[in-house]
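# Structural overview for review
Below, each chain spelled out in residue letters.
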Amino acid sequence: MKDLALLEDNAPKPGLWTQIAHPGLFLGWSRHLIVPLAVITAALAAWGLYLSFWGSPPDYQMGDTVRIMYVHVPAAWLSQFCYAVMFASAIGTLVWRHPMADVSQKAAAPLGAAFTLLALFTGSLWGRPTWGTFWEWDGRMTSTLVLLFIYLGIIALWRAFDDQLKAARFVSVVTLVGAINIPVIKFSVDWWQTLHQPASVIRLDGPTIAPEILIPLLVMTAAFSMLFLTLHLVRMRTEVIKRRIRSLELAAARAAAGGAL
Amino acid sequence: MRAFLAIVARDLRLGLRQGGDILTLVLFFVIVGTVLPFAIGPDRPQLARLAPAIVWVAALLAQLLSNERLFGSDFEDGSLAILRHAPLPLEMVVGAKMLAHWVLTALPIIAATPVLALMLGMEGETLLRAIGSLVLGTPALVAFGTVGAAVTVGLKRGGLVAPVLVLPLSLPVLIFGTGAMAPMVPGASGQALLLLAALGLVSVALVPFAAAMALRFAGE
Amino acid sequence: MPEAGLKVDDLCVARGGRPVLSGLGFALGPGEALEVRGPNGAGKSSLLMALAGLIAPEKGTIGWSGGGEAGESRALLHYLGHRAAVKPGLTLRENLTFWADALRGARDGVMPALAAAGLAAIADLDAGVLSAGQARRLALARLLAIRRPVWLLDEPTAALDKDGAGWAGTLVAAHLAGGGMAVIATHLDIAYGSGVSPRRLDLEGGA
C-alpha cells in the first residue's frame, strides 16, 4: 500500500501546479471537466456539421465533394497537433521526469494515429473524384502516411515495454528525434515529388478562401480540437487509474511474498 | 582520444574476428538485390532503370538487420556499464561505436555494390553515382539505426520494433540516395548528393546525444 | 592513487516505480570499507548502481570528494556488477588492455594483474574459453590493472571457488591498506584476512 500512499499523500502544498500535475489530484479535478468538454464538443460538432452540409455552398468545380474538406482539414491539423502535444510531453518527461507527462504522451499517441488515419482516409475519398484514384503519391498525402507510420512505431515501442515508467523515457527520445526529422521527411517527400512528377495536382489552398467556406472549416476545426482535448483527458484518466491498479497488484504480490517468507 | 580509439579498435577487432557476420551481411545485400529481379522480370532496360532503387532498398534492409548488434552484446555483458566510467562522455562512446559499425557494415556493402551493379546492368557513370550516394548516405542510415538500437537495447522484444521505428525515419536517406542516381531532372543528382551529405553530417552530429540519453535510461 | 571520500545523505532509490531504499546515509573515507548485507531484493545492487551513477536517486545526495571537478566521480571508481564484461573473441590480455586504454589506465599494469589473478599462463587464449570462475577472476584483475581509489563490488565472490574467494578478500584488504575505499554487496561472508573489519550495513527487504 506504500506506493499508493506515495502517489496520494506526497503533495507538499496544493499549489496550482501541484494540483494540475499530481496524479491523485488530477483524477479529482479532471472528473468535473469531462462532461462539460463533451457537451461543448457535441455542440460545436453539431453546429459545424450543419454548416458543412447546409450552411455552405458546393464548390463550382468539385461540387458537393468539397464538403469532405470539412472533415479532412481538421483531421490533418490534429494529426500534427497531437505530435506537438507528444513532443511537449516528451520534454516534460525528459527534463522534469514528471509522471503526468508520461501519461499525456502515452494518451496522445493513439489519438494522433487515429486522426492521421482519418486524414488519410478522407483524403483518399476526396482524391477519388479529384484525381480519379483513391491513392495518389501526392506530397502531402505521402508525408501524412509517413507520419502515421511514426505514430504506429511509437505505439509499438510503448507496447514492447513491460515497465511503462521506463518506456516513457525511451519513447521520449524517439519522439524528439521524430520531431526533428518530420520537417526533413516533409522536405524530402516534396523534393521527391518535384523530381518525379513536376506540378500536376490540384490544390485547394491559397489565400482566397471564401468566408462561407472558412467559417464551417473553423467551426469544425474547433470541434475536432475539443474532441481531442476530451479524449485526451479521458485517456489520461484511464492511464492513471491503470497504473494505480498495477501498483496495487504489485503491492499485493509483495505482501503475499512477505507472508510466505 | 585514446579511449575513443580503443573502443573503435576493439569493435573493429571483434567484428573482423567474427568475420562471418560481415560475409553474411554482404551475402544478404547481394541476395536481396538479386531476388528483386526475379519479381520484376529479366527485362534488362527495365532492370537498369530500377537498379538505383534496388541497390538502395537492399542496402537499407542490410543496414537495418545489422543494427541490433550495435549495443546488444555490450549491454548484455555489462561492458556498457563500465564504459560509463571511462574518462570520455557516453556520447563519444556512442560516436566511437557508430564509426566502427559503419566500417564493419556499410563499407562491405559499398564494396559489394559493383557486383550487384553489373548484374543489374548499371552503366559506369550510374555505378559511380551509386557508390557516391552510398558513401554519403550510409552514415545517416547508421545514425538512424543507432537511435533505434539505443531505445530498444534492453528489450527482449526489441528485434521487430527497432526496424519499424527506423524505417520511416530513414525515408529521406532513401529519397536523396536514389535521387542522386536519377538523371530525370538536370541538376537533381548533384543537389541530392549535397542534401545527403548535409543529412549525414547533421544526423551523425546529433544522434550520439539522443542515443546516449537512451543508453543512460537503459542502465537503470 | 588519489584518495577519495564518499558521503551519502538521505538516499532514496526506486526501481520500476517502487521504492527499494529510503533515507540511507553513511560516510566513508580512505582505507575504509562498507559491507552491504541483506536478503534478495533488499536493494544491495540498487545501492551500488546508484553509487556508480548508473541509476538516478529519487531523493538525497551522493557526494564524492577527491574527483577534482564536480561530477568527475566516474574517473574515480571501479564498478564490478553481476556481469563480468569479458568479451569472447578477444584474448585475456586484449580484454584487459582494452579496459586499460578505455579507462585511461597504464598498459603495464595488465600482465602483473593477470599474474595476480592466476591467469598469466592463459593470457593469450580467447576469453570465450574461460569458465565462470575464471571470467570473474579476469573481471577482478581489471581492478588491479587500472588503479582507482573506489571499488564498488556487487557479489565479488559469486562464481568463485574457495581459493578464488580468498584471493578476492585479500585483494580488497590490500586495496584498503593502500588507502583505497570499497563498498561491497554480498550475501556470503568474505574473508578479508586479519586487521580488516569493514563496517556493516544491513538492508532489510521492502525499505
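So, here is what we can say about the structure in this document. Keep in mind that what you see is a predicted model, and the values were worked out from it rather than measured.

### Description of the overall build of chain B
Scanning chain B from N- to C-terminus turns up nine helices and zero strands. For chain B, the α and β elements follow one another from N to C terminus as α-α-α-α-α-α-α-α-α. Here the C-alpha atoms of chain B give a radius of gyration of 18 Å, agreeing with the 17 Å that 2.2 N^0.38 yields for 220 residues. Principal-axis analysis of the C-alpha atoms gives chain B an extent of 55 × 35 × 30 Å. The buried share of chain B, taken over its 220 residues, is 59%.

### Observations regarding the overall build of chain A
If you tally the helices and strands in chain A, you get eight helices and zero strands. Relative to its 261 residues, chain A shows a buried fraction of 46%. Put simply, 78% of the contacts in chain A that link residues at least 6 apart link residues at least 24 apart. When the accessible area of chain A is evaluated, it comes to approximately 13,300 Å², of which 71% is carbon and sulfur surface.

### Focus on the sheet that holds strand β4 (residues 59-65) of chain C
Residues and elements named next belong to chain C. A sheet is described by the order of its strands in space; here three strands give the open sequence β2-β1-β4, paired in antiparallel fashion. For this open sheet the edge positions go to β2 (18-28) and β4, each flanked by a neighbour on one side alone. Across the sheet, the mean angle separating the axes of adjacent strands is 20 degrees when strand polarity is ignored. The strands touched by helix α1 (residues 44-51) within the sheet are β1 (5-15), β2 and β4, with β1 carrying the most contacts at an inclination of about 125 degrees.

### With respect to the pairing of strand β7 (residues 181-185) of chain C
All names here are of chain C. Burial analysis of β7 places five of its five residues in the buried class, which makes it a mostly covered element. The alternating pattern of β7 places M181, V183 and A185 and A182 and I184 on opposite faces, both of which are buried. Strand direction decides the pairing type here: strand β3 (residues 33-37) and β7, joined by four bridges, are parallel. By the bridge assignment for β7, V36 is matched with A185. In the sheet, strand β6 (residues 150-154) pairs with β7 via five bridges, with the strands oriented parallel. By the bridge assignment, V150 is partnered in β7 with M181. With helix α5 (residues 162-177) bridging β6 and the parallel β7, this β-α-β connection has right-handed handedness.

### Describing the pairing of β1 of chain C
All names here are of chain C. When β1 meets β4, the two strands line up antiparallel, connected through six bridges. Within the sheet, the bridge partner assigned to V8 lies in β4 and is I62. In this structure, β1 lies alongside β2, joined through seven bridges in antiparallel fashion. Among the inter-strand pairings, A14 is bridged to a residue of β2, identified as P19. In textbook terms, the turn of a hairpin is the stretch between consecutive antiparallel strands, and for β1 and β2 this stretch comprises two residues, one of which, G16, has a positive phi near 55 degrees.

### Quick look at the side chain of T34 of chain B
Tracing the chain through its elements places T34 of chain B in helix α2 (residues 20-40). Of note is the side chain of T34 of chain B, whose polar atom sits 2.8 Å from the backbone oxygen of V30 of chain B.

Procedures and definitions
- Residues numbered from 1 in each chain as written.
- Chains lettered and ligands numbered in written order.
- Predicted model: local features only at pLDDT ≥ 70, side-chain atom pairs only at ≥ 80, totals over all residues.
- Heavy atoms only, no water.
- Helix = DSSP H or I, 4+ residues; strand = E, 2+ residues; numbered from the N terminus.
- Rg over C-alpha atoms; globule rule 2.2 N^0.38 Å.
- Buried < 20%, exposed > 50% of the residue type's maximum accessible area, 1.4 Å probe, protein only.
- Contact = heavy atoms within 4.5 Å.
- Areas by Shrake-Rupley, 256 points an atom, 1.4 Å probe, with all protein chains shown as cover.
- Pairing = 2+ DSSP bridges.
- Axes fitted to C-alpha atoms, helices over the stretch in contact; angles between N-to-C directions.
- Right-handed = clockwise from strand over helix to strand, strands pointing away.
- Polar contact = N/O pair within 3.5 Å; in protein donor to acceptor, adjacent residues only side chain to side chain.

Any functional reading would require information beyond the geometric quantities listed.
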